[in-house]
Structures are given as structure tokens and as C-alpha cells.
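The primary structure of each chain is shown beneath.
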Amino acid sequence: MQQLDERSRKEKMQEIYEQYHHRQLELYCLCQSAAPINMSISYISDSDTYYLKSFPKQASKHHTDCHFHNENSLSSSETIYKKNCEEDEEGNYHITLDTHDYKIIKRAKKTKDSSAPSPVTGGDTGQSTNKLSIQNLIKLIVTKAWNDYIFFNGQKEYPSLNHVFRQIYSKTTRHYFVTKELHLQSLLYKGGKPGQVYMIEQKVNRIAQPFALFMLDNYEKVDECSYLINVINPLNLANAKLVVSKKLLEFAQSCINVSSGPYIVGGFIKSTGFGKLPEFISLGILPINNCGVPVESSYERELYDLLCKEKRIVQRPIDTQYHPKLNGLIPDGILLDTEKPTILEVFGISERNTEYHIHRRYKIELFSGLFPDYHFWYWDAYNQSEKPPLPTVGF
């Protein structure tokens, strides 16, 4: 198909579309050769575009390298969170991380053939391609803290960054388990003397390493292989210092699309000896707005700063468990203080990204069609359009 010119490719897609909808053929993705995955083909009339897509809740069955495994592809998908974060009957979440991200592994000596990075784990960066990454874990925790606080307490006292961190430290981390019995709150290092890291290690018998989550202040180069990270605990404004390898820091930076702070930084850490600073063994950096809402672009930050300034009751969805009509597509936000819930979307990527804009049209078509159960608000920031007025408050 890629060898055809644009006109021929469109004609071929139209032929496949007509045959599929007349039940003359079936479509499969062969990324998992042992178990081909059923696919469908759809058409967007306003852009005269044909596209392949997965059926609802099928995206996670695709190989991790497959285009349709990506939650940004045109597939109604369960997110990476749902695959690697299982909720039990008591409301606790059991997360699946790569072992090297949360505990110290004694590595065997490398042979001549073992120096190449693993295609599964990403080599020495400590990041996984098929398990929950540290960046996604941090995003999950912070988003859950914001969503819970805004839902239960937002109308009484609107959340600030302090409220979000208090929620994280005292409640949210209590419900995330890295092993069957060990939750993140029992591993939490909130600053103080470096010796506290060693004490946590001993307390849990190094089943997992201590977990740190702070506001990022700045970082500075120590030598060619390492950096010093200066962080702040927002609850008491205490400063702390930790060390990170250059590889881990550069990889964490490469995973974010927002060039300026504020940022939350975190990961699992280890003690390095008496009087020495703790060191990250895994690292994630999360862009947020001024009140602690995770954001993925400067446009999203601009929107959420406005929503928070006006003290709007807005959640940042992680999955569609409570919104099945969204067909597995995760919006940028949902306003809860309007007459009906209002889906929020910010489209900020250039039209040169063809796939993104096919996805944009698909979202607009789907979300607009959910009226009267949902209202839909979106901002085409990619073409410098003015931000539409926010929906009116009305319960």
C-alpha cells in the first residue's frame, strides 16, 4: 500500500471499504501471527478519508510495536494504565513495573554479546516498553490524586499544589501496590536526612527500593556521568538533593513534550553510603500546571491554568471506566460543573502530522455525537485559533 501514489492508495482503500461493508472480506492485523486480530475500516466524509481501526477494547492485544497498539492511533483502546494497573475489590491498584525499575538487581558480568540494549527494556535507561513506565506511574498517581480531591472536596476548598501533594502522600500512594503486600506509601521518602532512605530499605528488607516524589527545582551537572537534582517538598518547602545518572535524566527528558516547568519528578531511589546523597535507579518527569494537574503540552497547561483560575470542577480522565460512551478514547478533560458533563479537547499538533489530524476528526465526530448525554468543547490551538469561551457553570 505504501508503494502506491496517493490517488491509487485512496482508490484501493475505497475498494476495501466497500468490500468490507458488503461482507465480501474480513480484515485482520497480523502483528501477532499466532492470533490475528480483527480490524474494521471507516470513512470520514468531511475529509474524504478512509482509515483502519481496531474494535473497542482490542488495542491492547496488538504487539507493542504495532501502530494500532498506540493509544494515539485510530483505535478504541484500553490504555497502558489498564493493562498494568489492576484494581481489586477494595479499591487498591496492583501495578506491574519492570523489576529493575523498583529494586536493585545484581547483574551478571557482561559478555561480548550482552552489551547491546535489550529490545524489551530499553537497555540501561531503566525504562520498559511493555510494563508501566515510571513516568506513567507518576502521571497515574498525580492524576488520581487530583481527580479524587476535585470530586470529593473541590467545591468546599479548591485544590492547590499543596492539596494535591497532601492527597498523594497521605492517601493516594496507600492504594498503589508494587508487590502483593507492599504499597508505595510504605516506601515513601519525603525528604530529610539521606539516612532515612537506608532505614526504609532495611524496614522492607529491600523487597523494593524507597519511592520519592517531589517538585523539581533544578538540576546541575556533577561530572560526565551524573547530575544533582534539587527538589522541594511542597508541604513544608524543605529542599532535598538526589543524584541521577546522565542516561536516566536524558531519557526522562526525552519523554516529555513541555519545555518549561513546573514539573513533578520522582522514581525509586537507593542509599549510596553514610553521608552520601540518595540516587535514582528509575526516573520520571511530569509536567503540571500551577495547581498540580498533569499536562502534555503548553496549550493544555494554558487551558488548565484558566480552568483552575475560575475554580472549575474538572477531572483529567485516566480511562473510560465511568464513561463507556467515549468508546475507549481518552479526552483531555471532563468538566463536571456543567448541566451535562462536558468533554474537553485541545488539538495542538501541526497539520503536517496527518495521522494526528485524522484522529482529531474522528474524535470530533465521536464526541459531538454524544449529545445530549455530553456536551463537547474543543480548541484548535494548532492553527492559532482563539480559545472558545468556557462552558457555563450549571448543575
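So, how was this worked out
Residues numbered from 1 in each chain as written. Predicted model: local features only at pLDDT ≥ 70, side-chain atom pairs only at ≥ 80, totals over all residues. Heavy atoms only, no water. Helix = DSSP H or I, 4+ residues; strand = E, 2+ residues; numbered from the N terminus. Contact = heavy atoms within 4.5 Å. Areas by Shrake-Rupley, 256 points an atom, 1.4 Å probe, with all protein chains shown as cover. Phe/Tyr/Trp six-rings, centres within 6.5 Å; stacked < 30°, edge-to-face > 60°. Buried < 20%, exposed > 50% of the residue type's maximum accessible area, 1.4 Å probe, protein only. Axes fitted to C-alpha atoms, helices over the stretch in contact; angles between N-to-C directions. Parallel < 35°, antiparallel > 145°, perpendicular 65-115°, else oblique. Pairing = 2+ DSSP bridges. Salt bridge = Lys/Arg side-chain N within 4 Å of Asp/Glu carboxyl O. Polar contact = N/O pair within 3.5 Å; in protein donor to acceptor, adjacent residues only side chain to side chain. Expected span 1.5 Å × (residues − 1). Arc of directions from axis to C-beta.

*Asks:* Describe in detail the overall build of the protein chain, supporting the description with residues and values.
*Replies:* For the protein chain, the helix and strand inventory stands at nine helices and 17 strands. For the protein chain, long-range pairs separated by at least 24 residues make up 55% of all intrachain contacts whose partners lie at least 6 apart in sequence. Taken as a whole, the protein chain presents about 21,000 Å² of accessible surface, with 49% of it coming from carbon and sulfur.

*Asks:* Help me get a handle on the packing of aromatic side chains, residues and values and all.
*Replies:* If you walk through the whole model with that rule in mind, you get 13 aromatic pairs. Measuring from centroid to centroid gives 6.2 Å for Trp 146 and Tyr 158, while their planes differ by 75 degrees, and the two rings are edge-to-face. Of this pair, Trp 146 sits in helix H4 (residues 134-153) while Tyr 158 sits in the loop between H4 and helix H5 (161-170), placing them 12 residues apart in sequence. Judged on exposure class, the residue Trp 146 and its partner Tyr 158 are both buried. Aromatic side chains Phe 165 and Tyr 169 sit 5.6 Å apart centroid to centroid with 80 degrees between the ring planes, which places their arrangement in the edge-to-face category. One end of the pair, Phe 165, and the other, Tyr 169, are both in helix H5, four residues apart, so they sit about a helical turn from each other. The same class applies to Phe 165 as to Tyr 169, namely buried.

*Asks:* Outline the packing of H4 against H5, supporting the account with residue identities and numerical values.
*Replies:* Close contact between H4 and H5 brings their axes to 9 Å; oriented N to C, the two are set at 110 degrees. In terms of their interaxial angle, H4 and H5 are classed as roughly perpendicular. Residues Ile 141, Val 142, Ala 145, Trp 146, Asp 148 and Tyr 149 of H4 pack against His 163, Val 164, Gln 167 and Ile 168 of H5.

*Asks:* So what's going on with unusual backbone geometry? Residues and values would help.
*Replies:* Across the junction of Gly 261 and Pro 262, the peptide omega takes the value 15 degrees, indicating a cis bond. A positive phi angle, close to 55 degrees, is found at Lys 311, a residue other than glycine. Within the element layout of this structure, Lys 311 appears in the loop between helix H8 (298-309) and strand S14 (314-315). Relative accessible area serves as the criterion here: at 57%, Lys 311 is assigned to the exposed category. A positive phi is found at Gln 384, a non-glycine position, where the angle reads about 65 degrees. Secondary-structure assignment places Gln 384 in the segment after strand S17 (375-380).

*Asks:* Just give me the short version of the sheet that holds S17, but keep the residues and values in it.
*Replies:* With mixed pairing, four strands are arranged side by side in an open sheet as S14-S15-S16-S17. Among the strands making up the open sheet, the edge pair consists of S14 and S17. The pairing of strand S15 (residues 333-335) with strand S16 (residues 342-347) spans three bridges and is antiparallel. Across the sheet, residue Leu 335 finds its bridge partner in S16, namely Thr 342. Packing against the sheet, H8 makes contact with S14, S15, S16 and S17, and its axis sits at approximately 145 degrees to S16.

*Asks:* Run through the pattern of salt bridges, naming residues and quoting values.
*Replies:* Summed over all chains, the structure comprises 14 salt bridges. If you follow the salt bridges from partner to partner, you end up with Glu 300, Arg 316 and Asp 332 in one network.

*Asks:* For the side chain of Asp 101, give the residues involved together with the corresponding values.
*Replies:* Along the chain, the position of Asp 101 falls in helix H3 (residues 99-102). Within the structure, Asp 101 has its side chain in polar contact with the side chain of His 100 (distance 3.2 Å).

*Asks:* Outline the sheet that holds strand S6 (residues 176-177), listing residues and values.
*Replies:* Strand order in the open sheet formed by three strands is S4-S5-S6, with mixed pairing between adjacent strands. In the strand order of this sheet, the two ends are held by strand S4 (85-87) and S6, each with one partner. As paired elements, S4 and strand S5 (residues 93-95) share three bridges and run antiparallel to each other. Its bridge partner lying in S5, Cys 85 is registered against Ile 95.

*Asks:* Lay out H8 in plain terms, naming residues and giving numbers.
*Replies:* Compared with an ideal rise of 1.5 Å per residue, which puts 12 residues at 16 Å, H8 spans 16 Å between its outermost C-alpha atoms and is within 8% of the ideal. Within the sequence span of H8, burial applies to Glu 300, Arg 301, Leu 303, Tyr 304, Leu 307 and Cys 308. An end-on view of H8 places all buried positions within 165 degrees of arc, on one side of the element.

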